Amino acid sequence: MSSSRGLATRAEELRGLLNRWLHEYHVLDEPSVDDAMYDRHYDELVELERAHPELVTPDSPTQRVGAPASEKFQKVRHLTSMGSLEKVTTDESLVKWAEDVQKRLDTDEPVAYVIEPKIDGLAINLTYENGLFTRGATRGDGEVGEDVTVNLRTIPSIPLRMLGDDVPALIEVRGEVYMPLSGFRELNERLIAEDKKPTPNPRNAAAGSLRQKNPAITASRPLSVWAYGVGAHDGAEFHTHWETLQWLKAHGFPINPFAERLESIDDVAKACREWERRRAELDYEIDGIVIKVDDYDQQSRLGALHSRPRWARAFKWAPMTATTRLNKIMIRVGRTGALNPWALLEPVEVGGVTISRATLHNEEDINRKDIREGDDVIVQRAGDVIPQIVGPAGAHRKGTKSFRMPTHCPLCNTEIVKPEGEAMHRCPNRACPSRGLESLINWVQAAADIDGVGEQAVRRFWELGLVRSLPELYRLTKEQLLELDGFGDISATNAVNSIEASKQIPFRRVLFGLNIPDVGWVTAQNLARHFGDVDRLANASQEEIMECEGIGPERAEAIAEWFADPDNRRLVEELRALGLRFESDPEDKPVEGPLTGSQYVITGTLDSMSREQARAALEALGAKVSDNVSKKTTGVFVGESPGSKVAKAQKAGVPLLAEDDLKALLQR
Ligand code: IVH
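Caption draft 1: Molecular detail of the pattern of salt bridges. Applying the stated criterion to the full structure yields 41 salt bridges. Note that Asp-120 and Arg-203 form a salt bridge whose closest N and O atoms lie 3.3 Å from each other. With Asp-120 in the loop between β3 (113–119) and β4 (122–129) and Arg-203 in helix α6 (residues 202–210), the pair connects residues that are 83 residues apart, well separated along the chain. Through salt bridges with shared partners, a single ionic network connects Lys-118, Asp-287, Lys-316 and Glu-640.

As C-alpha cells, then:
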C-alpha cells in the first residue's frame with residue numbers, strides 16, 4: 001500500500017474503525033475490541049499522519065487534544081436560543097401544569113410526555129456541519145455563550161463526526177456536560193494530593209474543567225455528556241421529542257438510558273417519585289426529572305413564557321436528607337475568635353456523596369433543635385452547601401447531656417466570652433494560635449487568593465513555625481520552601497512568585513484580609529471607598545466610621561478599637577513597607593448610573609453568571625449590592641438553593657426577584 005491513494009484509503013479506514021470503537025466504548029458501553037487492538041490501530045494512524053500530514057482530517061481521533069491553549073474564549077451566538085426550565089416541586093403542581101397544558105391544547109387531545117433525568121452539569125450547544133463537529137459552546141445567557149470547542153473535542157463521548165450517511169447540512173445538538181461521581185472523587189483525591197483546592201461538587205468540577213485555558217487539562221478530566229435535544233437544523237425533520245432522541249442515538253450521541261415516554265401525567269408523577277428514591281444508584285448527580293410534552297406540534301402551540309417553555313417542567317426534589325449518628329460536637333476557633341461548633345458524624349451517604357461533618361451554628365441553635373452528642377440526627381445536603389443538621393431523628397434519645405460551649409478556649413485556654421446580644425461565643429485572646437492560623441488560611445484562600453499556596457501548605461508552614469503572621473508569609477523564601485517535602489524547584493518558584501504577585505491586590509481585599517472583627521467583603525469594600533486610604537480610616541473616630549455605608553455603632557466601635565491597638569498599627573506599617581496596597585483604586589469608588597439609589601441582595605447560585613459577576617454588573621450601573629436584607633433593600637435576586645435571606649426578605653416585605661429579572665435589569 002504505497003501509492004498515496006492507498007495511504008489515504010488506509011487513513012480513512014483507520015479513522016472509521018477507531019471512531020466506531022470509541023463510540024462502542026464510550027457511548028454504547030459495549031466494546032467489541034480490547035485496548036491493545038485499539039492502541040495498535042491508533043499508533044498506526046499516528047505514524048501515517050506523521051509521515052503524511054496532508055492526510056490529517058479534523059475528525060481524526062488523533063486530533064482530540066492538540067489545539068494550543070487559548071487566552072480567552074470567544075463569544076458565540078447560538079442559532080436558536082437555549083431556554084431554561086420552570087420548576088415544579090409537588091405532585092399537585094405537576095398535575096396543575098398538565099391541566100394547563102391540556103387546557104391550552106384541545107381538551108380531549110391525547111398528550112404524551114417524555115421524562116429524562118435532570119443532569120446537574122452544564123448545558124452546551126454542539127454545532128455539526130455536514131456531519132462534522134465544528135463548534136461547541138456553553139449556554140451562557142441562553143443567547144450568547146462561550147466557544148469551548150477545543151475543550152469539548154477532548155470529551156470522548158462527543159462524536160467528532162456523526163454516524164450515518166443521512167447527515168443534515170447543519171444541526172445544533174443540545175446536551176449536558178457532567179462529571180461522573182467516581183471521576184469527581186478521583187479528581188479531588190488528586191487535587192488534594194497536589195495540595196490544590198478540591199472542587200466542591202461535580203457540577204463545579206465539570207464547569208471548571210470545561211473552562212480550562214489549556215485543553216490538555218480538560219482532556220485529563222473525566223467528563224462526559226448526555227444529549228437531550230436539538231436546536232437549529234437544516235436537512236433533518238423531527239416530529240416528536242422521542243423521535244429526536246432516537247435519531248441522536250442513531251447518529252452517535254449518548255442518550256440517557258433512563259429517558260422514557262409516558263402517556264399519562266399520573267405515570268409521570270409516579271416515575272418522579274421512583275427516581276427520587278433511586279437517584280443515589282446513579283454515577284452522576286441529578287437534581288430532578290425533566291418532563292417534556294413529546295409532540296413538537298403541541299410544543300409549538302404551547303409556546304414559551306420568558307424563554308421558559310410551557311411544554312416542559314423540571315420536577316425538583318426537596319434537598320436530600322439522611323439519618324446518622326452524631327458522634328461528637330467539635331469546636332473550631334475561627335479567624336475572628338468566634339467558636340464554631342461542628343458535628344463529627346458517622347459517615348453517611350447523602351445524594352451520592354459520603355459526609356462525615358456538618359456545620360452547627362451556635363449553642364443556642366444546637367439547643368433549640370435539641371441536638372445532643374450520641375443522638376441519631378437528620379442531615380441534609382442541599383446543592384453545594386455544606387451539610388446541615390436538621391434535628392434529632394425520632395424519639396429514641398441516646399445522648400443525655402445537652403450541649404454547652406466550653407468555658408475556656410480549646411487552644412489557648414483563655415476564658416471564653418459571649419458579648420451581649422451576640423449569638424457567637426468568642427475567644428478574646430488576639431494572640432490565640434487558631435485565630436492567626438485561620439486568618440492566614442483566609443488570606444491565601446479568599447482575600448489574596450494565592451495560586452499554589454493552599455490551606456494545607458499554610459497549616460504546614462504554621463506547624464513548622466515558618467509562618468505565623470502575614471509579614472512572615474511575605475518574607476518566605478524559595479530556599480525555605482525547598483527544604484520542605486513536596487516542594488520542588490518549580491513549585492517553590494511558583495509559590496514565591498504568586499505570593500509576591502499577591503502584593504498587588506486592591507486595598508479593599510487587604511482590608512478584608514486583615515481580620516478586623518466583623519469586616520467581611522462588603523464592609524471592607526465600603527470602608528475602602530469611603531475612606532480612600534488606611535491612614536484616614538485608622539485615624540477616624542467611631543462617629544466618623546459610622547458615616548460609612550452599612551456600619552452601625554457596634555461595628556464602628558470594634559473597627560476603631562482594632563486600629564487603636566498598637567500591634568495592629570504595627571502590622572499595617574509592616575505590610576505597607578513590604579509593598580501591599582493601602583490606598584483605594586478608582587474602581588473602588590461608587591459609580592453614578594441608572595441604578596444609583598437602589599440596593600440589592602443576591603442569594604443562591606445563578607444560572608448564567610456567578611454572584612460576583614452579577615454584583616459587578618449591578619455596581620457598574622450604580623446599584624449597591626449588600627449581604628444583608630434590610631428595609632432599605634430594593635429587591636433580593638434569588639438563585640438556586642437560596643439561603644435564609646429569602647425568609648428575611650419576605651418578613652421585611654422586600655420583593656423577591658428571579659434571575660430573568662436581573663438579566664432584564666442589566667439589559668436596560
Ligand atoms: S431541556 C428550554 N433536558 O436544565 C430548556 N435540560 O433549566 C430546555 N438540564 O440549562 C432544557 N438535564 O442545563 C433539558 N434532560 C434535560 C436536562 C436539562 C439537565 C439542565 C440544562 C438547562 C437547565 C434548564
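That shown, we press on.
Caption draft 2: Molecular detail of the nonpolar core. Counting residues in hydrophobic clusters, the biggest one holds 53 residues, and the most contacted among them are Trp-443, Tyr-474, Leu-511, Leu-514, Leu-527 and Phe-563. In terms of residues, this core owes the most to one element, helix α12 (residues 433–447), which gives 6 residues. Look past the residues within four positions of Leu-527 in its chain and what remains in contact with it is Leu-511, Val-519, Gly-532, Leu-537, Ile-545, Cys-548, Ile-551 and Ile-559. Formed by 34 residues, the second largest nonpolar core is a distinct cluster that contains Ile-124, Tyr-128, Val-177 and Phe-238.

Caption draft 3: Fine view of the packing of aromatic side chains. Scanning the model with the defined rule gives 14 aromatic pairs in all. The structure contains a cluster of three or more aromatic residues connected by ring pairs, namely Tyr-128, Phe-133 and Phe-253. Over the ring of Trp-342 we find Arg-357, and its NZ or CZ is 4.4 Å from the ring centre. We note Arg-468 situated over the ring of Trp-462; from NZ or CZ to the ring centre the distance is 4.8 Å.

Caption draft 4: Here's a closer look at helix α1 (residues 4–28). Taking 1.5 Å of rise per residue, 25 residues should cover 36 Å, and α1 covers 34 Å from first to last C-alpha, within 8% of that figure. Residue Asp-29 follows α1 closely and has a positive phi angle near 65 degrees.

Caption draft 5: Main features of the site of the ligand. Of all residues adjacent to the ligand, which total 14 residues, the nearest are Leu-85, Glu-116, Ile-119, Glu-176 and Lys-292. For the ligand, an oxygen atom lies 3.0 Å from a polar atom in the backbone of Leu-85. In isolation the ligand has 520 Å² of accessible area, and contact with the protein removes 87% of it. Secondary structure elements with two or more residues in the shell around the ligand: β3 and β10 (286–293). Looking at the shell around the ligand, the element that brings in the most residues is β3, giving 4 residues.

Criteria and cut-off values
- Residues numbered from 1 in each chain as written.
- Predicted model: local features only at pLDDT ≥ 70, side-chain atom pairs only at ≥ 80, totals over all residues.
- Heavy atoms only, no water.
- Salt bridge = Lys/Arg side-chain N within 4 Å of Asp/Glu carboxyl O.
- Helix = DSSP H or I, 4+ residues; strand = E, 2+ residues; numbered from the N terminus.
- Core = buried A, V, L, I, M, F, W, Y, C linked by side-chain atoms within 4.5 Å.
- Buried < 20%, exposed > 50% of the residue type's maximum accessible area, 1.4 Å probe, protein only.
- Contact = heavy atoms within 4.5 Å.
- Phe/Tyr/Trp six-rings, centres within 6.5 Å; stacked < 30°, edge-to-face > 60°.
- Lys NZ or Arg CZ within 6 Å of the ring centre and 35° of its normal.
- Expected span 1.5 Å × (residues − 1).
- Near = heavy atom within 4 Å.
- Polar contact = N/O pair within 3.5 Å; in protein donor to acceptor, adjacent residues only side chain to side chain.
- Areas by Shrake-Rupley, 256 points an atom, 1.4 Å probe, with all protein chains shown as cover.

No statement about biological role is implied by the geometric values presented.
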